[in-house]
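# Descriptive structure summary
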Amino acid sequence: MIYLILSVCISSSLFVIFKLFDKYQVNTFQAIVTNYLVAFLLGFFFYGNGITISEISQKSWMIGAIILGILFISIFMIMATTAQRNGLSVASVASKMSVVIPVIFAVIVYNEHVSVLKIAGIILALVAVYLTTIKKDGGAFDRKKLLFPTLLFLGSGVIDTSIKYMETKYVAEGETPIFSAAIFGCAFIIGIVVVTIRRDFKITGKTILGGIALGIPNFYSIVFLLKALRPDQLGDSSTVFPINNVAIVMLSTIFGIILFKEKLITKNWIGIAIAIVSIAMIAVSAQQL
């Protein structure tokens, strides 16, 4: 459970960092590219155990790491845009309601057991995510601003599903940090290609600092999530993802209130209360298996 708690806390901080990029006028894309370099170096030098780039390229999970690298940088950019244009709460709901995608995949492909209590908890989690992010009485999202949240929803679901699949089928125990580093390394290379095409070479000290500030927690957020998904931990993705996602929504919303003075209405507070209940229900259902 400790890995899941760490994943939630660190992942929630990413939304705050994106919001700060907007406040301090940090070049978001350059900072994201820098963040991937930082995350790769962190995994490669501190957790690589002497492994070489050549050895990494021959791993059975390398193709998956490349695909995830493409998805990571694409969805990370969409997440940043959503947080800046729509607010922290909208960005978190769009990414975390995608929990339905990996849960459905887990039930169909891995035959994971889903009890009535867990189903009820997941349904409540979705309700909580929705209520937590309603902006004003009688309304939710501005339909004109649905493009980025929708892309974030679909992309986040695919990423979560792919991470669990790779962790289950290809990543050996002890390889989690270096697998994560490989994903970040691929994302960095793709980012450099995009920067080159854009001819966006002017980088500032703020961008470098922003990339470092983002890269360190970003690396550990994926490492701790992968560890939480291991069989010797919670393992069951239909348990891990709902708890992880709804807790991030709840915590990032609280961060938005405290740090950025985002206003909550009664429905938002009801959503937070339901989120706590849903997490408890899903956690209890996991203990009953």
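Residues numbered from 1 in each chain as written. Predicted model: local features only at pLDDT ≥ 70, side-chain atom pairs only at ≥ 80, totals over all residues. Heavy atoms only, no water.

What follows concerns the overall build of the chain. Along the chain, the regular secondary structure elements total 12 helices and 0 strands. If you list the helices and strands of the chain from N to C, you get α-α-α-α-α-α-α-α-α-α-α-α. Taken over C-alpha atoms, the radius of gyration comes to 18 Å for the chain, in line with the 19 Å a tight globule of 289 residues would show. Summarising its shape, the C-alpha atoms of the chain cover approximately 50 × 45 × 30 Å along the three principal directions. Across the 289 residues of the chain, 53% fall into the buried class. Considering only contacts in the chain between residues 6 or more positions apart, those separated by 24 or more positions represent 90%. Working note: accessible area of the chain is about 13200 Å², and carbon and sulfur atoms make up 68% of it. Within the chain, the 13 negative side-chain charges are centred at a point lying 12 Å from the centre of the 22 positive side-chain charges. (Helix = DSSP H or I, 4+ residues; strand = E, 2+ residues; numbered from the N terminus. Rg over C-alpha atoms; globule rule 2.2 N^0.38 Å. Buried < 20%, exposed > 50% of the residue type's maximum accessible area, 1.4 Å probe, protein only. Contact = heavy atoms within 4.5 Å. Areas by Shrake-Rupley, 256 points an atom, 1.4 Å probe, with all protein chains shown as cover. Lys, Arg positive; Asp, Glu negative; His and termini not counted. Charge placed at Lys NZ, Arg CZ, Asp CG, Glu CD.)

A word on the pattern of salt bridges. Counted by the stated rule, this structure contains 2 salt bridges. Among the salt bridges present, the one from Lys 59 reaches Glu 175, with a minimum N-O distance of 2.8 Å. Remark: Glu 175 occurs in the loop between α8 (147–169) and α9 (176–198) and Lys 59 occurs in the loop between α3 (53–57) and α4 (62–86); sequence separation between them is 116 residues. The class of Lys 59 is partly exposed, set by a relative accessible area of 27%. (Salt bridge = Lys/Arg side-chain N within 4 Å of Asp/Glu carboxyl O.)

Time to look at helix α6 (residues 100–109). Regarding α6, the residues found buried are Pro 102, Val 103 and Ala 106. All buried residues of α6 project into a common sector of 100° when viewed along the axis, lining one side. In the segment just after α6, Asn 111 is the residue with positive phi, at about 55°. (Arc of directions from axis to C-beta.)

Attention now moves to the packing of α4 against α8. Where α4 contacts α8, the axes come no closer than 9 Å and their chain directions differ by 145°. Regarding α4 and α8, the two cross each other, and that crossing is left-handed. For the pair α4 and α8, contact is made by Gly 64, Leu 68, Leu 71, Phe 72, Ile 75, Ile 78, Met 79, Thr 81, Thr 82, Arg 85 and Asn 86 and by Phe 148, Pro 149, Leu 151, Leu 152, Gly 155, Ser 156, Val 158, Ile 159, Ser 162, Ile 163 and Met 166, respectively. Among the residues making up the contact of α4 with α8, the classes are represented as 14 nonpolar, 7 polar and 1 charged. (Axes fitted to C-alpha atoms, helices over the stretch in contact; angles between N-to-C directions. Left-handed = near helix turned anticlockwise from the far one by under 90°. Nonpolar A, V, L, I, M, F, W, Y, C, P; charged D, E, K, R; others polar.)

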